[in-house]
Amino acid sequence: MRLLLIEDEQKVVDFVQRGLTAERFAVDVARDGVAGLELAQSYDYDLVVLDLLLPGMDGTEVLRKIRRGNPQIPVLILTARDGVQDKVTHFEAGADDYLTKPFAFAELLVRIKALLRRGATRQETVLRIADLELDRLSQQVRRGGKRIELTSKEYSLLEYLMANAGRVLSRTMIIEHVWDQSFDGATNIVDVYVRHLRDKVDEGREENLIRTVRGVGYVISDERQ
Amino acid sequence: MSSGSIRFRLTVWYTGVLAGILVLFAVAVYAGVNHFLRRNLHESVVKDAQEVGSIVLENANERDEGAIGREVGEHFSPESNDRAIRVLGQDGSQIYLSGPAEVFPARNGPSLRDQPSDMTYRPAGGQEVLIRTQAVQAESGKKYFIQVAASLAPTNQTLRNLLGVLALALLLATAIAVTGGFFLIRSSLKPLDNMAVRAQKITSRSLHERMPISNTGDELQQLSISLNRMIERLEEAFHHISRFSADASHELRTPLTIMRGELEAAVQNSKIDPEARDALGTVLEETVRLSKIVDQLLAMSRLDAGEAFLEMSRFDFSELVRTTVEYMRLLADEKKLALKVEAAEPVYVEGDPSRLQQVVVNLLDNAIKYTPEGGSVSVTVRAETDKAVLTVTDTGIGISEEGHAHIFERFYRTDKARSRQMGGTGLGLSIVKSIGAAHGGRVGVQSAEGRGSTFRFEIPRLADKGPRSATSDGQTFASAKGFETS
C-alpha cells in the first residue's frame, strides 16, 4: 500500500511517516501543495493524507485538483481548523474523511485502514482473540466456550476493540464510535465501561486480554502472539 | 400604529398645535364680528335716539303731548325701521310708544338719569333688545326721556351662523391636515422602516450585507450611511475574531499534535525504561488534557461569537435527556447513587442536538462527581410556559455562597485540588452557559453547602413539533426560524 502525505510541518511528518512505515505502508512525503499535487498526479497512490494550511498551494485547491484527475482515490484531510463549516466545505470538495489536530496516531491509523477497506465490504462474522470469540450474527460472546452476558454498550465496545485487535484505541475514538461525540470532554465513562467489560471478560483468567496503555487508551490483544 | 411610534407622536403633536391655532383664530373672528355688529347697531340706535330727541324738542312747546307722538310717528315710522320707540315724560308717564310695550322694562322711571345710557334687556318670552335711553330738556325746562330699542335677534342669528361655519371649517381643516400630515410623515419615514427591516435580517452570518441608502440628502441618508459604517466595523471585528480563532487553532494545535504523536510512540516503545515510560505517560495525559482545553476554548469562542450553529433541528428534548441519562447510568451505579429521571412528557425544542446533549452530559457528570456514595441525583425535563426546563439535582457537597457567582466562569474551581484530580478541564459549566446563550436560554444554580445543588437549564421551546426538519438544510431552518422560538 502506497500513501502520499502532503504536510509542511516537518515534525508532524516525522512521527506520522515513522508510524505508518512501522505499519508497513510505503509513504511518500510532499512538503508543499504544488509538489503534493505533482506527486498525486504522477503516481498511483492508494490514499492521500492532506494538510490544509500549505505553502505554495492551499490544501483545498490541491484537493479540488486531485479530485478532477482522480475521483476515486480516498483523501483524508488533516487540519487544525475544526469549524463545522470547514468540514462541510471539504466534504463537498470531495474529502473522504476529516481529522482534527491534535489527533491520536492510533486514530489516524484506524481511519486510514477504514478508508482503504472501503468498497471491499468483507466483514468477518466471527472475531477471535486467543480463546475469546465474538459472533456478529448472533451477537454472542464466549470465552473458552463459556457464554458471557454483555449489555449492548459493552458488546459494542468489545466489538470495536476486537475489530481493531492489537491496535491502541484512544478514549476519544471509543467515545465517538460507541457513544457520541458530545460525551467527550468531561466524563470518564469509557474507563468505567472498560472496567466492567474487563470484569466480565478477564475476571479470574490467567491471561488478561484488555490492556490499558497509559495516556493513550485501550487495546485488546493476545500477548502470546 | 402603536402609541409610541414617531408617526403617532408627530401626528398628535402637530394636530394639537394646529387645532389650538385654529380655535384661537376662530375665537378672534367671532369676537371681532360680534364687536363690529354690536357697535354698528349701537351707533344706529344712538343716531335714532338723537333724531327722536330733536323731534321731541321741536314739538315740546305744544300743549298737547300727543302731538309729540304724532310727529315722531310721522317722521320716523319706527315699525318699518325695526325699532321700538318710547318717549316718557319727566314723571315717567308714557307720552309715546311704538311697537309692543313689553320690549321695554315696565318700571324704570326712577332709574332714568340725565346721562345717555345703554342696556340690553330680554323681555319675558321675547328676543334680546338693545335699549338706548337719552334725556332731552325743552326750553320750558321740561324733561323728556327718549328710549329707542333695537332687536338683537338678527345680530345673534348672524353670530350663530358664523359659529357654525367656523366650527365646520375648523373640523374640516384639522381632518385634512391630520390625514395629509400622516401620509407625509409616513412617506418621509418610509426609508426608516426599510432600514429596520433590513437591519433585522443582518446577523453575524450576513454582515456583508448593507443598508439601502436613500438618496434624499436628508438626515435619513446620513443615518443609513452611519449605520453602514458601523456594520462595516462590526464585520471587520468579526473577521478579526474568526481570524484569531483560526490562527490560534493552528498555532496551538500543531505543537500539540507533534507532542502527542511523539509521546504516543514513546509510551508504546518497550525498549524504553518503564520508569521513564511512566513519566512520559503522565506528560501524554496532560498533553491530551491541554488539547481538550484548547478545543473547548475555541469551541466556546465560536459559540460566543455566534458562528457555531449549522446543525439545527427540531426534536424532543425529553427524549434526548432520557437516552443520555441511560448512557451515563453506569457512572451513577459505580458510586451507588440513585439516579432518577422525570422526563415523560415530550418537550419540543429547536437546537443543535449534540450541543444540547453535551449540556446534559456536563451537568450530570458534575452531579455524579460531586455526590458522595449512597446519595441521589435526579433529572427532570418540564415545559414551563414558553420554555423547556432541565433541572439536575444532587445531594452532593454543594457550592459555597461565594462560589455561586463564579461557578459558570471559565476555569473556576470550587475545590482546586479535588476537581483537577477528577480530571475535568474546568470548562464544563462555562460550556453549558455558552451553549445555553447560543440557544437563547440560560443556566442557573441553587445550592446549599453540604446539602446539594440544583442546576436549572432553560431554552425556548416550540409550541408543538411543527414540520419536520431533521437536516441542516439552511432553507428549512431559515423558514422555521420565525416559529415561536423567541
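As a reminder, the structure under discussion sits directly above these lines.
Thresholds, definitions, all that
Residues numbered from 1 in each chain as written. Chains lettered and ligands numbered in written order. Predicted model: local features only at pLDDT ≥ 70, side-chain atom pairs only at ≥ 80, totals over all residues. Helix = DSSP H or I, 4+ residues; strand = E, 2+ residues; numbered from the N terminus. Buried ≥ 20, exposed ≤ 12 C-beta atoms within 10 Å, placed from the backbone. Contact = placed C-beta atoms within 7 Å. Core = buried A, V, L, I, M, F, W, Y, C linked by C-beta atoms within 7 Å. Pairing = 2+ DSSP bridges. Axes fitted to C-alpha atoms, helices over the stretch in contact; angles between N-to-C directions. Parallel < 35°, antiparallel > 145°, perpendicular 65-115°, else oblique. Left-handed = near helix turned anticlockwise from the far one by under 90°. Nonpolar A, V, L, I, M, F, W, Y, C, P; charged D, E, K, R; others polar. Right-handed = clockwise from strand over helix to strand, strands pointing away.

A.B. asks: I'm lost on the overall build of chain B in this one. Help?
C.D. replies: The number of helices and strands found in chain B is 11 helices and 12 strands. Taken across its 486 residues, chain B has 28% of its residues classed as buried. Across chain B, contacts joining residues at least 24 apart in sequence account for 63% of those joining residues at least 6 apart.

A.B. asks: Sorry if this is basic, but what is going on with the nonpolar core here?
C.D. replies: As a rule of thumb, soluble globular proteins bury nonpolar side chains together. Grouped together as the largest cluster of nonpolar side chains are 113 residues, with contacts concentrated most on Val48(A), Leu50(A), Leu363(B) and Leu364(B). Leaving out residues up to four positions away in the same chain, Leu363(B) has contacts with Val392(B), Val432(B), Phe455(B) and Phe457(B).

A.B. asks: Sorry, what's going on with the sheet that holds strand S2 (residues 26–30) of chain A here?
C.D. replies: Strand pairing in a sheet takes place through backbone hydrogen bonds and is either antiparallel or parallel in direction. Residue and element names in this part refer to chain A. With respect to topology, five strands assemble into an open sheet ordered S2-S1-S3-S4-S5, the strand pairing being parallel. The two strands at the open ends of the sheet, each matched to only one other strand, are S2 and strand S5 (97–100). On average, adjacent strands in this sheet sit at an angle of 20° to one another, irrespective of strand direction. For strand S1 (residues 2–6) and strand S3 (residues 47–51), the ladder comprises four bridges, and the chain directions are parallel. The residue bridging Leu-4 from the neighbouring strand is Val-48, located in S3.

A.B. asks: Any chance you could explain the environment of Thr216(B) here in plain terms?
C.D. replies: Residues and elements named next belong to chain B. Within the secondary structure, Thr-216 is located in the loop between helix H3 (153–201) and helix H4 (219–267). Look at Thr-216 and you get exposed, because 12 C-beta atoms sit within 10 Å. Separated by 28 residues in sequence, Thr-216 and Ser-188 place their C-alpha atoms 9.7 Å apart.

A.B. asks: Hey, could you run me through the sheet that holds strand S11 (residues 442–448) of chain B in this one?
C.D. replies: All names here are of chain B. Taken in spatial order, the five strands line up as S7-S9-S10-S12-S11 in an open sheet, and their pairing is mixed. Taken across any chain shown, the strands that pair with only one partner, and hence form the sheet edges, are strand S7 (338–342) and S11. Averaged over all adjacent pairs, the angle separating strand axes in this sheet is 15°, with direction ignored. In the sheet, strand S9 (residues 376–384) pairs with strand S10 (residues 387–394) via eight bridges, with the strands oriented antiparallel. Along S10, the bridge assignment pairs Val-379 with Val-392.

A.B. asks: Is there a simple way to think about the packing of helix H6 (residues 152–163) of chain A against helix H7 (residues 171–178) of chain A in this case?
C.D. replies: Working note: a packed helix pair is described by the angle between its axes plus the distance between those axes. Residues and elements named next belong to chain A. Contact pair H6 / H7: the axes reach a minimum separation of 10 Å and the direction vectors enclose 125°. Overall, the two elements H6 and H7 adopt an arrangement that is oblique. The two elements H6 and H7 meet at a crossing, and its hand is right-handed. Residues Lys-153, Ser-156, Leu-157 and Tyr-160 of H6 pack against Ile-174, His-177 and Val-178 of H7. Partitioning the contact of H6 with H7 into residue classes produces four nonpolar, two polar and one charged.

A.B. asks: What is the right way to read the pairing of S1(A) from this model?
C.D. replies: Within a regular strand, side chains alternate between the sheet's two faces. Residue and element names in this part refer to chain A. With four of five residues buried, S1 lies mostly within the body of the structure. With five bridges connecting them, S1 and S2 associate as parallel partners. Bridge assignment links Leu-4 to a residue of S2, and that residue is Asp-28. The parallel pair S1 and S2 is bridged by helix H1 (residues 10–22), and the resulting crossover is right-handed.

A.B. asks: Looking at this structure, I do not really get the interface of chain A and chain B. What am I missing?
C.D. replies: The accessible area lost on association of the parts is a frequent measure of interface size. On the chain B side, the residues contacting the 38 residues of chain A number 41 residues. Contributing elements (two or more residues each) for the side of chain A that touches chain B: H1, helix H4 (84–92) and helix H8 (189–201) of chain A. In terms of residue count, the dominant contributor to the side of chain A that touches chain B is H1(A) (six residues). Of the residues in the side of chain A that touches chain B, the class split is 20 nonpolar, 10 polar and eight charged.

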